[in-house]
Amino acid sequence: MLLNRNSSGKRWHLRPDGVGKVTGQLQYLTDMTLPDMIHGRVLRSSYPYARILSIDITGAEAMEGVFAVLTSKDVPGLNLFGIATPDQPVFCEDVVRYIGDAIAAVAADSPERAALALDAIRIEYEEWTPLDSPEAAMAPGAPELHEHGPGNVLHRTEIKRGNVEEGFAACEHIVSETYYTPRQMHAYMETEGGLFVPDENGRLHVYAATQHGYKDRMQLARIIGCSEEDIRVISSPIGGSFGGKDELNVQPYGALLALRCGRPVKMHNSRKESVRAGLKRHPMKIEMQTGISREGMIQAHRVRITADTGAYATLGAPVLNFCTEHCLGPYSIPNVDVEGVSVYTNNGVSGEFRGFGGNQAIFAIEGQMDRLAEIMNMDPWEFRRRNMREKSDPGPLNQRILVTDGLSQVWEAMDRSELWQKHLHPPADPALPPWIKRGVGAAIAMHGAGLGYGIPDPAGGRLSLNAEGKIEVAFSYEEFGQGLIATLEMMLCDLFHCSTSDLSIIIGDTDRVPHSGSSTASRSTTMAWMALQRLQAPFRSKILSVASTLSGIPADELITGIEGVWRKDQLSPEVTANEPTMNSKVLVSYVDLAKHGEAEEWIFDTQFEYPTTPDNVVGGHYLYTYAAVAAEVEVNTLTGEAKLLDTRHVVAAGPVINPMGFIGQIEGGSVMALGFTLTEDAVMQDSRYTTTNLDTYLIPTIRDIHTNLEVEAIEDLPEGDPFGPRGIGEIGSVALAPAITAAIHQATGVWVNRLPVPRDQLIKPLSVSLQEGVSSS
Amino acid sequence: MTEPLSNFWTAVVNGEKKQLHIAQTTRLVDVLRSHLNLTGTKVSCEVGRCGACMVLMNGEPVNSCLVMAYQCAGSEITTIEGLLGEKEGELHPIQQAFVEEGGFQCGYCTPGMVISTKALLDRNPQPSQEQIETGLCGNLCRCTGYGGILRAVNKVIDERDRVGSTP
Ligand code: FES
Ligand code: FES
């Protein structure tokens, strides 16, 4: 189904957080203030790699209006953080490893005064030459950034099967290419920050964005040396994250300062500081050799992935796992030899980012497919189909995966699409000047959801009838823009035929929600759906049985609906949230029900794990979302500018719960991928950022987008599928780059292997452009 | 240290006269967010690129991170909080369209985007697609991909057409 407002009909659901957002009334956590609050700031390293010889804070401490100056000595607990591998110091003590490393923090009565106090801190360094690339870091004799073993290696991955040497020997053609991808910045509009409030009972209230409040709480407790219950984390609403706020950022400093000063402390990073300290997408170098038989069947695939993980681990290892898994694409390949390495450097820290390493891998594997198809003189889509995995084949890691038709469905839907059909007759417009070239390209992807086998991936949730008579759900997921609250509303209205005013939705507050995992890896919608599937039956039967007792009508004649429980025969089955049936009235209201019995009787909890493959393959996924993307691109061969004119995304992710949210996620992901492909790179020179703000780091503006963006959703799932809607938070962002570069190739004949697309590669001398214009007309 | 020079600053903010004792080099964005607690105006890049801090100054859109208090003293400032619908409690038609078309996700760019849309449509009620793009290219949105935003702006224009053409 082509997804848009018209095709969505009544499912076009207005977001409950809409009014607050369009009026500016909604308070983000960085908007919060308290009367007696003070302001925190962090002093970061002057060098990407250096020994700290001395730190003198006396000048800053003596300043009027300065409440506290903290260094590593003031960390009561563990002076380290990191969501998986805590190796990043809260405050560096002896060595700094990147330009965002924190050495001290101050709290003062104004942000300006806090900044002045930072200037008054004296630090002596012994400057060292930074390891500014994985190659430099792995070179023999390079200093070791962590006590981690030789060569500054954070993590290695490997997939080997068959025999690639023999496979290549039997090949008719082999394509070898090295692909490079940029250090993309999340560029969420709201930079990191929040308010840290100690209360009179010694508890700390943390109002700061994160994708996993419980994980933050655990890490903060470890740093402060207190119990987790001593901390409450309130973590929504969030002004964008895309994976970038999953790690702690300002929280350790805000928390420690607030506790030291006994006053609320506000932190809010400037954009420059956010760039300097924040996570980025892993820049990767992916070398690929792929060989095919005379018939065009892939026989052998050798891949070497090198990821620059920067100064600290964060999720570098799982990102590399994901990239490794996805660099085989959805293809069946008998002989495989993949090795990945994630390397510590003195560059900015790379971590989690929408797509999670899939973007880099899919750019490379799909690039190979197009190159191979060209050598075969075969249609690139047909070439893919020949090599595509069968639906019952094991997954990329030879693990069992859930069988669906998603892959062939997206392939076929794209094959039929008008946009992709254009590639057969490259769109040449005689009205265009000869230096303007157009082309169409497409790419396909299977993208795993959830954290994968062997990584704890808990889920759960709570459903209750609260004291006010609202159907209440509570999850530890976060709203960072994706529309989770709206989706939850829709799921609940679907389940209970109630209206949104019967609901109370609670997320993002560790005091009020059960531990149900993180909002990452495109998993929240699936997890919430699965939780509600488990909770609905006991919850409903409790409601109906109490309603039956109160009304004297047998429970099987009752049904939940708007405002309460109805007689089935008085509530037409198609009643929806917006259309209460006339001529009938609610039998027992939720408010009356809630007065009945103890509050605890109305609470239902569930705990479970995200579904993973039954096979012992670390990181292996079980559920995948499938997508195909086509792109029409126009290249100006005089300026080297490539412009995306038209795109179509076909996504097979199961039922669309929330069409507005679905379209928004695909559109947003697609435009983020456009930036990844054409303009975005947080450039580092000698391990320092040269692009420090949004004036030089160029994310797409409204002028740069493809206004023809169509989203086609394939909603089929196997009969009785117990997992419901699959995640789509990432799938819109993973396959556009290779589609664009394929289109660029059709337009210009240039194979691009580096992102963002280097303009100089697309520039042709005027004489050539004109000649081509003549010969093609 | 010495206190920065400060004296009285007055302006009309969202129709109300405001008088503050602040340094004349305070940025308008800080006047609004910190001194007047009007946090609907957002701060993101602080170099005039993202438009999150967009407000109207005497009807013209300005990046409030680039305007100093002394530059806007005596002006009439409209922030997102000052954008009102026709009737009490109603959304402005631009805001309404953003809600209906899903012209936001995280919402952090939204106030600035709505203000820029207002400025655009005030000056040019019938902008072409290209004029819309020019009018809004000073506002960055990282979430929506701009699709919903464009649909919202077009909806406002269409609605006006429709209402305008009925006698
Ligand atoms: S904060 Fe003013 S333009 Fe970005
Ligand atoms: S809605 Fe998040 S930046 Fe625009």
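All of these numbers come straight from a predicted model, not from anything done at the bench.

1. What about the overall build of chain B?
Phase 1: Scanning chain B from N- to C-terminus turns up six helices and five strands.
Phase 2: For chain B, the N- to C-terminal ordering of α and β elements is β-β-α-β-β-α-β-α-α-α-α.
Phase 3: Its C-alpha radius of gyration of 17 Å places chain B within 12% of the 15 Å reference for a compact globule of 167 residues.
Phase 4: Structurally, chain B occupies a C-alpha span of about 60 × 35 × 25 Å along its principal axes.
Phase 5: Residues counted as buried form 57% of the 167 residues belonging to chain B.
Phase 6: Contacts in chain B between residues at least 24 apart in sequence constitute 53% of all its contacts with a sequence separation of at least 6.
Phase 7: Carbon and sulfur atoms form 50% of the exposed surface of chain B, whose accessible area is close to 7100 Å².
Phase 8: Here chain B contributes 14 positive and 18 negative side-chain charges, whose respective centroids are spaced 3 Å apart.

2. Concerning the packing of aromatic side chains
What describes a pair of aromatic rings is the distance from one ring centre to the other and the angle between the planes of the rings.
All names here are of chain A.
Phase 1: Evaluation of the coordinates by the stated rule reveals 13 aromatic pairs over all chains.
Phase 2: An angle of 70° between the planes, with centres 4.9 Å apart, marks the rings of Y49 and W128 as edge-to-face. Residue Y49 is located in the loop between strand 1 (38-44) and strand 2 (50-56), and its partner W128 is located in the loop between strand 8 (122-127) and helix 5 (134-138); the two are separated by 79 residues in the primary sequence.
Phase 3: A relative accessible area of 23% places W128 in the partly exposed class.
Phase 4: Of the aromatic side chains, those joined through ring pairs into one cluster are W381, W411 and W420.
Phase 5: If you follow R281 out to its NZ or CZ, it ends over the ring of F353, 4.0 Å from the centre.

3. A few points about the interface of chain B and chain A
Phase 1: Every contact between the two is made by 49 residues of chain B and, on the other side, 58 residues of chain A.
Phase 2: Carbon and sulfur atoms supply 58% of the area buried between chain B and chain A, which totals about 4200 Å² over both sides.
Phase 3: Counting the surface chain B buries against chain A, the share from its top three residues, Q105, Y108 and R142 of chain B, is 19%.
Phase 4: A salt bridge links D31 of chain A to R33 of chain B, with the shortest nitrogen-to-oxygen separation between them at 2.9 Å.

4. What to know about the sheet that holds strand 14 (residues 265-268) of chain A
Residue and element names in this part refer to chain A.
Phase 1: Spatially, 3-7-1-14-11-12-13 is the arrangement adopted by the seven strands of the open sheet, whose pairing is mixed. What marks the edges here is a single partner per strand, and that holds for strand 3 (66-70) and strand 13 (231-234). Going from strand to strand, the sheet's axes swing by 20° on average, the running direction of each strand aside.
Phase 2: Note that strand 11 (residues 193-198) and strand 12 (residues 204-208) share five bridges and pair antiparallel. Counterpart to G194 in the pairing with strand 12 is A208.
Phase 3: Contacts from helix 7 (residues 213-224) reach strand 12 and strand 13 within the one sheet, and its direction differs from that of strand 13 by about 145°.
Phase 4: Relative to strand 3, helix 8 (residues 251-261) is tilted by about 125°, and along the sheet it contacts strand 1, strand 3, strand 7 (102-108), strand 11, strand 12 and strand 14.

5. Thoughts on the packing of helix 11 (residues 358-376) of chain A against helix 12 (residues 380-387) of chain A
All names here are of chain A.
Phase 1: Two elements in contact, helix 11 and helix 12, have axes separated by 9 Å at closest approach and are oriented at 110°. As judged from the angle between their axes, helix 11 and helix 12 are roughly perpendicular. Packed against helix 11, whose contacting residues are E366, M369, D370, L372, A373 and M376, the element helix 12 presents P380, F383, R384 and N387 at the interface.

6. Quick notes on the pattern of salt bridges
Residue and element names in this part refer to chain A.
Phase 1: Taken as a whole, this structure holds 54 salt bridges over all chains when the rule is applied.
Phase 2: Note that D721 is salt-bridged to R726, the shortest N-O span being 2.9 Å. Side by side, D721 and R726 carry an identical accessibility label, which is buried.
Phase 3: Here the salt bridges share partners, and the residues they tie into one network are K160, E165, R302, R304, D337 and E339.

7. Let's talk about the confidence of the model for chain B
Phase 1: Looking at chain B as a whole, its pLDDT mean stands at 93, while 94% of the residues score no less than 70.
Phase 2: Scored by ipTM, the complex comes to 0.95, with pTM at 0.95.

Calculation criteria
- Residues numbered from 1 in each chain as written.
- Chains lettered and ligands numbered in written order.
- Predicted model: local features only at pLDDT ≥ 70, side-chain atom pairs only at ≥ 80, totals over all residues.
- Heavy atoms only, no water.
- Helix = DSSP H or I, 4+ residues; strand = E, 2+ residues; numbered from the N terminus.
- Rg over C-alpha atoms; globule rule 2.2 N^0.38 Å.
- Buried < 20%, exposed > 50% of the residue type's maximum accessible area, 1.4 Å probe, protein only.
- Contact = heavy atoms within 4.5 Å.
- Areas by Shrake-Rupley, 256 points an atom, 1.4 Å probe, with all protein chains shown as cover.
- Lys, Arg positive; Asp, Glu negative; His and termini not counted.
- Charge placed at Lys NZ, Arg CZ, Asp CG, Glu CD.
- Phe/Tyr/Trp six-rings, centres within 6.5 Å; stacked < 30°, edge-to-face > 60°.
- Lys NZ or Arg CZ within 6 Å of the ring centre and 35° of its normal.
- Buried area = accessible area lost by both parts, 1.4 Å probe.
- Salt bridge = Lys/Arg side-chain N within 4 Å of Asp/Glu carboxyl O.
- Pairing = 2+ DSSP bridges.
- Axes fitted to C-alpha atoms, helices over the stretch in contact; angles between N-to-C directions.
- Parallel < 35°, antiparallel > 145°, perpendicular 65-115°, else oblique.
- pLDDT = per-residue confidence, 0-100.

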